[in-house]
Amino acid sequence: MKKKIITSFLAGLALIMTMPSCTDLDENVYDKLPAEDFGNTAAEVNALMGSTYNTLKKYWPDRFMYLQECGGSMAVTPTRRGGDWYDGGQYREIYMHQWTAQTAHVKNSWAAASEGIGICNATINTLENSTFLSDAEKLTNVSAMRGVRAFWIYAMMDCYGNVPLVTDYNDKELPTNKTRQEVFDWLIKEVTEIADNCPDVSADTYGKFTKGSAYALLAKLYLNAEAWNVTVSGNAYQQCIAACDKIMSFNYYIIEPNWKTNFSINNMNSQEAIFSICFSNKDTENQNTMMLRTLHYQDYLADNATYSSWNGVCAQPDYVKLFDTEDPRYEGTFRIGERRNAATGEMLQTDHGAPLIYTVDFTIIEGTEYDGGPWGAVVQEAGARCQKWDYAAGLSDAMENHFHIFRLADIYLMKAEALLRSGGDVAEATKLVNEIRSRAYGDATHNYTTVDLDKIALERKFELAWEAYSRQDDIRFGTFETPAWSASNCPRSKGDHLKLYPVSQDAWQTNQNLVQNPGYPTF
């Protein structure tokens, strides 16, 4: 009987995951969840919560990675010679800040977050009604699920600003947008309320939304408050510092001596990780497919692997050139140079007869322009590729590496930035940044005597490339309109309204109470 209930429950979750948006609340899929029966054994509770954590696999490396990195100064998905990756111009739109409510990743990211929120609401409701859990267990588990929901709402608010705030599983009314201020206020209250009730920080709670996860999310909210143009009770930067200090006070997190520990095949062992997406090489959907998204079609031969990569996203050239080539993070972040067959030693070739040598610089091929504009195709081997997460020998279609949404190095840099922005101790900020630099270089020879905001912005680029923070950081540091592929001659559109993505056209089609963000054509 329980097996049938679990099957029914998972089928209900699958149905919710296929919904265009959690704002499509007139669907009857919620009736598929036997809320009154489910969650009454440890196996059922674990299945329920595991399915909720799995929603995070839609955050990265798909969807929000493109909005944050390609919409920022870190990455670009150029059109390859022959037309690969043009895809109706959606990647051009993201790079050139010409997106619309119809741009695929704008729609898909909205849907992923909305679906995640809907599943969190269903899980929270079921756990709250469980007769199996003790009061203490219920408080801890529900707080963790509220944390996952808060993360999804934060991701939506960061990118879209004015979003629906749907937190009641039983509310079937179609919502309208709440202002970014309203959503921000709700998040501060919600995360503060759950923080000390979330699971404790330990190796046993890796992958869960813990107390550390909650304070990391609070730190992000307070650090970005000014850039988001929201008001805060008290000094936001001092409250960011307090949240960072709370994380540092936990007797567990460390700055891993080896930077690459955070990105290895077994990076689930990192004590720097605060909140992680737990991927597996056995995943059959929503996989970690970074190697497919970035590496050339023939690169599997150099990696002694069997994956079939797509030759897509690469680093913006001017971003790569910011790195000191003596910084181990340079080679640890980017795949650059020639690629040879691991079995024969022969140089790999592109489909157009060129040696496969990844170049930092690349330009648009004259005469390949699309849509009467400057955007055109580049050669297949153009662009530094993602090398940050280790690629396993024999890798096929799913990477084992986990993705750390929050990690301690980011917290150090956030605190340093908040100290400077609040007129705090420059010496302490310098010490925090230098701990990250000395870890990277292996010694203190490249440490700063003092830091300013420009140095911190650079250090964040060196430390956090590919980790879905570029756009957010660019907005906070005032460099959002400046791309890092100057040779493309593809200027970015300008306007404060572009600091928010438009509300998804698909979401509006299922809920016409939604209102488009200012600066975009109304629905």
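Preceding block: the structure.
Residues numbered from 1 in each chain as written. Predicted model: local features only at pLDDT ≥ 70, side-chain atom pairs only at ≥ 80, totals over all residues. Heavy atoms only, no water.

## What to know about the overall build of the protein chain
- When its secondary structure is counted, the protein chain shows 17 helices and 10 strands.
- The C-alpha atoms of the protein chain give 23 Å as radius of gyration, which agrees with the globular expectation for 523 residues (24 Å, within 12%).
- C-alpha atoms of the protein chain, sized along the principal axes, occupy 65 × 50 × 50 Å.
- Long-range contacts, defined as pairs at least 24 residues apart, comprise 72% of the intrachain contacts of the protein chain with a sequence gap of at least 6.
- Of the accessible surface of the protein chain, which amounts to about 19500 Å², a share of 48% is contributed by carbon and sulfur atoms. (Helix = DSSP H or I, 4+ residues; strand = E, 2+ residues; numbered from the N terminus. Rg over C-alpha atoms; globule rule 2.2 N^0.38 Å. Contact = heavy atoms within 4.5 Å. Areas by Shrake-Rupley, 256 points an atom, 1.4 Å probe, with all protein chains shown as cover.)

## Regarding helix α14 (residues 426-441)
- For α14, with 16 residues, the first-to-last C-alpha span of 22 Å sits near the 22 Å given by 1.5 Å per residue.
- Taken together, the buried positions of α14 are Ala 429, Thr 430, Leu 432, Val 433, Asn 434, Ile 436, Arg 437, Arg 439, Ala 440 and Tyr 441.
- Considering only its buried residues, α14 is in contact with α9 (236-249), α12 (328-333), β10 (403-407), α13 (408-421) and α15 (453-464).
- Its side-chain oxygen placed 2.9 Å from the backbone nitrogen of Ala 427, Asp 425 serves as the N-cap of α14.
- Looking at the residues trailing α14, positive phi occurs at Gly 442, about 95°. (Expected span 1.5 Å × (residues − 1). Buried < 20%, exposed > 50% of the residue type's maximum accessible area, 1.4 Å probe, protein only. Polar contact = N/O pair within 3.5 Å; in protein donor to acceptor, adjacent residues only side chain to side chain.)

## Re the packing of helix α5 (residues 104-128) against helix α6 (residues 135-160)
- In contact at an axis separation of 9 Å, α5 and α6 are set at 160° when each is read in the N-to-C sense. Judged by the angle between their axes, α5 and α6 are roughly antiparallel. Here α5 and α6 pass one another in a crossing that is left-handed.
- Split by residue class, the contact of α5 with α6 holds 15 nonpolar, 7 polar and 4 charged. (Axes fitted to C-alpha atoms, helices over the stretch in contact; angles between N-to-C directions. Parallel < 35°, antiparallel > 145°, perpendicular 65-115°, else oblique. Left-handed = near helix turned anticlockwise from the far one by under 90°. Nonpolar A, V, L, I, M, F, W, Y, C, P; charged D, E, K, R; others polar.)

## Structural notes on the packing of helix α8 (residues 211-224) against α9
- Two numbers describe how α8 lies on α9: the axes approach to 8 Å, and their chain directions differ by 160°. Taken together, the axis directions place α8 and α9 in an arrangement best described as roughly antiparallel. Crossing hand, α8 versus α9: left-handed. Here Gly 212, Tyr 215, Ala 216, Leu 218, Ala 219, Tyr 222 and Leu 223 of α8 lie close against α9, whose contacting residues are Ala 236, Tyr 237, Gln 239, Cys 240, Ala 243, Cys 244, Lys 246 and Ile 247.
- Among the residues forming the contact of α8 with α9, the class breakdown is 12 nonpolar, 2 polar and 1 charged.

## Overview of the state of the cysteines
- Taken as a whole and assessed by the stated rule, the structure comprises 0 disulfides.
- Unpaired in terms of disulfides, Cys 70 finds its nearest cysteine sulfur in Cys 314, a separation of 8.5 Å.
- On the accessibility criterion, Cys 70 (2% relative accessible area) is buried.
- With no disulfide of its own, Cys 240 has Cys 244 as its nearest cysteine by sulfur position, at a separation of 4.1 Å. (Disulfide = S-S within 2.5 Å.)

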